[in-house]
Amino acid sequence: MADRVTVIGWDGSPLTAAARSALAAATLVAGAAHHLALPEVPKGAERIRLGSVDLAARRIAGHRGSAVVLADGDPGLFGVVRTLRAPEHGLEVEVVPAVSSVATAFARAGMPWDDAQIVVAHGRTLRRAVNVCRAHPKVAVLTSPGAGPAELALLLEGVHRTFVICEELGTERERVTVLTSDKVADHVWRDPNVVIVIGGAVTAAVPGGGWIAGREPGYPPAARGWALPSEVYGHSYEGPGEGPGEGVAQGFGKGLGRGVGEGESLQLRAAQLARLGPRIGDLVWDIGSGSGALAAQAARFGAAVIAVDADPAACGRTDATARQSGVQLQVVQGRAPHVLERLPEPDVVRIGGGGVPVVTACADRRPQRIVTHASTRDDAEAIGAALAAGGYAVECALLQSVELDTEDWSERERSVVFLLSGRRLDRAP
């Protein structure tokens, strides 16, 4: 094992005395081509061109002498330090950090960044990085070839954002460009680059600023709890046939233009959220969004949400609910299943209405989870059969909830519903 391993961050500025001292004593130096070309790298030292950090770590573990690893920016932020310290390599490292590319990018933009999400985009994570940009008003994206500004912008189609694109930070070729997302794909961008994606709701300033990184000032929201009543969002609604005592799923399969979803019980909504399990990086489809209560609550978990409803009034309520909740989501007016064809791929889907045709259309898109409900056993069996035919393991439960008037403890409203959920069989739960 190497006698000493030092990781040096480099941001284009002159190396510190500690970095120069470590390099002068190095018998092995690993880094990218532009790092190995630095004049401070000893001529007699073994040089490793960094491709796979795992392979370099194995070489370093077997080296006898002093090893130095050079990396851009802060090597502790999505950098080489994590890999080098992994148990399989067993390396103890000293770190000489530099200013991270994320900090430099926000400095160039003149913006605070304690409230920003930071994501890495490459081939396997690009879609999830885009979903974070959909859901949050300030995101720094560390890009890679094939997952750069143009790809981010193309996948954000339909969602307006502003891009601050910082190319080759800390070099003579540094360039900072500000564009709206619809113009980004018209340009060719140089690597490496950091993209700051900004847009959506603007959070009001909070005296003293925030208190936790990665969250907007003012987090958590004022309303505590999940599956909150409509009054919390400043409106209430009962769709046709959804008044007290009518049950929560009357009209399932009769279309998505009736505010289906808001007539559901709070208990059903809580159960649906639990089955969906929305999380940051996910894209949720909420089909038949009604008031937007479930869509807003899914967004509070950090997921990106597309809320679909055929009723223009329901779309307006969903927009208002999102603003009241301080979350961002995309509202699409249209009737399922046809409107779903132009939407990006979902991770989980909640279906508030539309029957077997909508369930089948969603199953064809292969989300990890599909959650819906039915008012009769016959409807539940038909939906379960459609999910099973689509390659999903089906669960069904009969839920009954009774709301009581606590003045005299009399029954105020009763609802009975079949809750169905489908889990894609080719993925672990």
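Scroll up to find the structure.
This structure is a prediction, so every number in the text was calculated from the model and none was measured.

Trainee: Outline the overall build of the protein, supporting the account with residue identities and numerical values.
Mentor: The secondary structure content of the protein amounts to 13 helices and 17 strands. For the protein, the proportion of its 429 residues judged to be buried stands at 50%. Within the protein, counting contacts between residues at least 6 apart in sequence, those at least 24 apart form 62% of the total. As displayed, the protein has an accessible area near 19900 Å², and 53% of this comes from carbon and sulfur atoms.

Trainee: Which residues make up the packing of helix 12 (residues 355-364) against helix 13 (residues 377-389), and what values do they have?
Mentor: Where helix 12 meets helix 13, the axes come as close as 9 Å, and the angle between the chain directions of the two elements is 20°. Considering their axes alone, helix 12 and helix 13 lie roughly parallel with respect to each other. The way helix 12 lies across helix 13 gives a crossing that is right-handed. Note on element contacts: helix 13 touches helix 12 through Ala382, Ile383, Ala386 and Leu387, opposite Val356, Val359 and Thr360.

Trainee: Please give an account of the environment of Gly281 that cites residues and values.
Mentor: On the secondary structure map, Gly281 appears in the loop between helix 9 (266-276) and strand 11 (283-287). Gly281 sits in the buried class, given a relative accessible area of 3%. Measuring from C-alpha to C-alpha, the distance between Gly281 and Ala304 comes to 7.1 Å, with 23 residues separating the pair along the chain. Those residues within four positions of Gly281 in sequence are excluded, and the remaining contacts are Arg128, Asn131, Val132, Gly302 and Asp347.

Trainee: Describe the sheet that holds strand 6 (residues 117-120), naming the residues involved and giving the relevant values.
Mentor: Reading across the sheet, the five strands line up as 6-7-10-8-9 and stay open at both edges, with mixed pairing between neighbours. The sheet terminates laterally at strand 6 and strand 9 (175-180), the two strands that pair on one side only. With direction set aside, neighbouring strand axes in the sheet form an average angle of 20°. Pairing geometry for strand 7 (residues 138-142) and strand 10 (residues 193-198), over five bridges, is antiparallel. Counterpart to Leu142 in the pairing with strand 10 is Val194. Packed onto the sheet, helix 6 (residues 126-135) meets strand 6, strand 7 and strand 10 and runs at close to 160° relative to strand 6.

Trainee: So what about the pairing of strand 15 (residues 369-374)? Which residues, and what values?
Mentor: Taken across its six residues, strand 15 has five buried, putting it largely inside the fold. Inspection of the sheet shows strand 14 (residues 348-351) paired to strand 15 by three bridges, in the parallel sense. By the bridge assignment, Val348 is partnered in strand 15 with Arg369. Crossover handedness for the path strand 14 to helix 12 to strand 15: right-handed. Looking at chain direction, strand 15 and strand 17 (residues 410-424) are connected through six bridges and run antiparallel. The residue of strand 17 that forms the bridge with Arg369 is Arg423.

Trainee: I'd love a proper account of a nonpolar patch on the surface, names of residues and values included.
Mentor: Residues Val402, Leu404 and Trp409 make up a contiguous nonpolar surface patch of roughly 310 Å² in combined accessible area. Structurally, the position occupied by Leu404 is in strand 16 (residues 392-405). Judged by its relative accessible area of 39%, Leu404 falls in the partly exposed class.

Trainee: Quick rundown of the pattern of salt bridges? Include the residues and the values.
Mentor: One pass over the structure, following the stated rule, counts 21 salt bridges. Between Arg85 and Glu92 there is a salt bridge; the shortest N-O distance is 3.6 Å. The partner of Arg108 in a salt bridge is Glu174, and the shortest N-O contact between them spans 2.6 Å. One end of the pair, Arg108, is in helix 5 (residues 101-109); the other, Glu174, is in the loop between strand 8 (162-167) and strand 9, with 66 residues separating them in the sequence.

Trainee: Which residues make up the packing of aromatic side chains, and what values do they have?
Mentor: Going through the model one piece at a time under the given rule, you end up with two aromatic pairs. Ring centres 4.2 Å apart and planes at 10° place the aromatic pair Trp226 and Phe301 in the stacked group. Of this pair, Trp226 sits in the loop between strand 10 and helix 9 while Phe301 is found in the loop between helix 10 (293-300) and strand 12 (304-309), placing the two residues 75 residues apart along the sequence. Above the ring of Trp226, the side-chain terminus of Arg300 is found at 4.5 Å from the ring centroid.

Trainee: Mind laying out the side chain of Ser291, listing which residues take part and the relevant values?
Mentor: Relative to the assigned elements, Ser291 resides in the loop between strand 11 and helix 10. The class of Ser291 is buried, set by a relative accessible area of 1%. A polar contact of 3.3 Å, which involves the side chain of Ser291, links it to the backbone nitrogen of Ala293.

Trainee: Explain the sheet that holds strand 16 to me, using residue names and the numbers behind them.
Mentor: Taken in spatial order, the seven strands of this open sheet run 13-12-11-14-15-17-16, and their pairing is mixed. Lying at the two open borders of the sheet, with one neighbouring strand each, are strand 13 (330-333) and strand 16. Strand-to-strand twist in this sheet, taken as the mean axis angle between neighbours without regard to direction, amounts to 20°. Sheet analysis places strand 11 next to strand 12, joined by five bridges and oriented parallel. Its bridge partner being in strand 12, Asp286 is matched across the sheet by Ala307. Docked against the sheet, helix 10 engages strand 11, strand 12 and strand 14, running at close to 170° with respect to strand 12. Running at roughly 175° to strand 14, helix 12 makes contact with strand 11, strand 14, strand 15 and strand 16 of the sheet.

Conventions adopted
- Residues numbered from 1 in each chain as written.
- Predicted model: local features only at pLDDT ≥ 70, side-chain atom pairs only at ≥ 80, totals over all residues.
- Heavy atoms only, no water.
- Helix = DSSP H or I, 4+ residues; strand = E, 2+ residues; numbered from the N terminus.
- Buried < 20%, exposed > 50% of the residue type's maximum accessible area, 1.4 Å probe, protein only.
- Contact = heavy atoms within 4.5 Å.
- Areas by Shrake-Rupley, 256 points an atom, 1.4 Å probe, with all protein chains shown as cover.
- Axes fitted to C-alpha atoms, helices over the stretch in contact; angles between N-to-C directions.
- Parallel < 35°, antiparallel > 145°, perpendicular 65-115°, else oblique.
- Left-handed = near helix turned anticlockwise from the far one by under 90°.
- Pairing = 2+ DSSP bridges.
- Right-handed = clockwise from strand over helix to strand, strands pointing away.
- Patch = residues over 30% accessible without salt bridge, like charges linked within 9 Å, V, L, I, M, F, W, Y side chains within 5 Å.
- Salt bridge = Lys/Arg side-chain N within 4 Å of Asp/Glu carboxyl O.
- Phe/Tyr/Trp six-rings, centres within 6.5 Å; stacked < 30°, edge-to-face > 60°.
- Lys NZ or Arg CZ within 6 Å of the ring centre and 35° of its normal.
- Polar contact = N/O pair within 3.5 Å; in protein donor to acceptor, adjacent residues only side chain to side chain.

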